[in-house]
Amino acid sequence: MIGYTKDDAGSPSLLVPDYRSTMARAPLQPPIAIPQTLTETTGPGGCWDRLMGSALADLTKQHKAEPLGQRIIVAGRVLDEQGRAVPDTVMEIWQANAAGRYIHAKDQWDAPHDPNFTGAGRVVTDAEGHYRFVTVRPGAYPWGNHKNAWRPAHIHLSLLGPAFATRLVTQLYFPDDPLIEIDPIANAVPMPYRQRLVARLDMDVTEANWALGYRFDVVLKGREQTPFEDDHHDH
């Protein structure tokens, strides 16, 4: 986000040696503050639907048939540092399918594509900061960071503020995944702050005989801030 400063101990470092691509990506010089103009500070506000189209809140209903995998519901709120609701915030969603594969030309590992799952969606928070979307639980997948490296199941979330330049990106993990403890990306966030990236099973969100429910609140700033990525990663 423009003007974002690392005032939280849980914010990930730009340079994490175990996360090898940061060795080439991390800046070698201190950041330079660039004055903001109207382009960075203004935007469509509450007119997101008119600009971007209607919300894509159910990732399981975008094709002719249901995708494979365990159906889940993810719900929560977007809050500021005082615990106040942040309304009209666009949350973009992207993820791998249940087999752990993205629809992307660079994703060529030996796992099947699902013709009924694109893995992309979008919601807008309501007046009280609530959001909700339906998807399938993504699978783990290998990546080239080190020998036998596997990414835990995760969902990428991108939040747009009042303008396109005010963008924050984070990842949502699942509470029963042992791969989190050995994943360099997740471990770029120190404990106990890493727990802020883990959704919790919530039976009030779950719909009986239909889908498990997880709750994941996003806090934009302050003592309870959700850790965000400083750069946007492919994985």
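Residues numbered from 1 in each chain as written. Predicted model: local features only at pLDDT ≥ 70, side-chain atom pairs only at ≥ 80, totals over all residues. Heavy atoms only, no water.

Draft legend 1. Here's a closer look at the overall build of the protein. Helices and strands together make up the secondary structure of the protein, namely three helices and eleven strands. Reading the secondary structure of the protein in the N-to-C direction produces α-α-α-β-β-β-β-β-β-β-β-β-β-β. When each of the 235 residues of the protein is scored for burial, the buried share is 44%. Intrachain contacts of the protein at a sequence separation of at least 6 include 69% that bridge at least 24 residues. Accessible area of the protein: about 12600 Å², with a carbon and sulfur share of 56%. (Helix = DSSP H or I, 4+ residues; strand = E, 2+ residues; numbered from the N terminus. Buried < 20%, exposed > 50% of the residue type's maximum accessible area, 1.4 Å probe, protein only. Contact = heavy atoms within 4.5 Å. Areas by Shrake-Rupley, 256 points an atom, 1.4 Å probe, with all protein chains shown as cover.)

Draft legend 2. Examining the UniProt feature "domain: Intradiol ring-cleavage dioxygenases" (unreviewed entry) in the protein more closely. Listed under "domain: Intradiol ring-cleavage dioxygenases" (unreviewed entry) in the UniProt record, and renumbered for this structure, are residues 74-102. Taken end to end, residues 74-102 is 0% helix and 41% strand, and its two terminal C-alpha atoms sit 19 Å from one another. (UniProt positions renumbered as here; feature names shortened; annotations may be inferred.)

Draft legend 3. Local environment of the packing of aromatic side chains. Under the defined criterion, the tally for this structure stands at five aromatic pairs. Centroid distance Tyr19 to Trp143: 5.8 Å. Interplanar angle 70°. Geometry classified as edge-to-face. With Tyr19 in the segment before α1 (21-25) and Trp143 in the loop between β5 (141-142) and β6 (150-151), this residue pair connects regions lying 124 residues apart in the sequence. The exposure classification of Tyr19 matches that of Trp143, with both residues buried. In this structure, Arg151 is placed above the aromatic ring of Trp143, and the distance from its NZ or CZ to the ring centre is 5.9 Å. (Phe/Tyr/Trp six-rings, centres within 6.5 Å; stacked < 30°, edge-to-face > 60°. Lys NZ or Arg CZ within 6 Å of the ring centre and 35° of its normal.)

Draft legend 4. View of the side chain of Thr60. Position of Thr60 relative to the elements: it lies in the loop between α3 (48-52) and β1 (71-79). Among the polar contacts made by the side chain of Thr60, one reaches the side chain of Asp58 at a distance of 2.5 Å. Among all residues touching Thr60, those that are not within four sequence positions of it are Ala65, Glu66, Pro67, Val134, Thr135 and Val136. (Polar contact = N/O pair within 3.5 Å; in protein donor to acceptor, adjacent residues only side chain to side chain.)

Draft legend 5. View of the nonpolar core. Judged by nonpolar contacts, the single largest core of 24 residues is most densely connected at Met91, Phe133 and Ile155. For this core, the secondary-structure elements that each account for two or more residues are β1, β2 (90-95), β4 (130-136), β7 (154-160) and β8 (167-173). (Core = buried A, V, L, I, M, F, W, Y, C linked by side-chain atoms within 4.5 Å.)

Draft legend 6. Quick look at the sheet that holds β7. Strand order in the open sheet made by the four strands is β3-β2-β7-β8, with antiparallel pairing throughout. Two strands close off the open sheet at either side, each with one partner strand: β3 (120-124) and β8. Strand-to-strand, the axes of this sheet are offset by a mean angle of 20°, without reference to chain direction. (Pairing = 2+ DSSP bridges. Axes fitted to C-alpha atoms, helices over the stretch in contact; angles between N-to-C directions.)

Draft legend 7. Spatial organisation of unusual backbone geometry. Geometrically, the link from Met191 to Pro192 is a cis peptide bond, its omega value of 5° lying close to zero. With respect to the element layout, Pro192 can be found in the loop between β8 and β9 (200-201). A positive phi angle, close to 55°, is found at Asp88, a residue other than glycine. Position of Asp88 relative to the elements: it lies in the loop between β1 and β2.

Draft legend 8. Structural view of the environment of Tyr102. Mapping Tyr102 onto the fold places it in the loop between β2 and β3. Tyr102 sits in the buried class, given a relative accessible area of 11%. In the structure, Tyr102 is positioned eleven residues away from His113 in sequence and 7.6 Å away in space, judged by C-alpha atoms. Within the structure, Tyr102 has its side chain in polar contact with the side chain of Tyr141 (distance 3.3 Å).

Draft legend 9. View of the environment of Ala165. Inspection of the secondary structure puts Ala165 in the loop between β7 and β8. Among the residues examined, Ala165 registers a relative accessible area of 34% and is labelled partly exposed. Taking the C-alpha atoms as reference points, Ala165 and Glu40, 125 residues apart in sequence, are found 5.4 Å from one another.

Draft legend 10. Region of the structure containing the pairing of β2. Direction of pairing for β2 relative to β3: antiparallel, over a ladder of five bridges. Following the sheet pairing, Ile93 is matched in β3 by Gly121. Pairing of β2 with β7 involves six bridges; the strand directions are antiparallel. Bridging from a neighbouring strand, Met91 pairs with Leu159 of β7.

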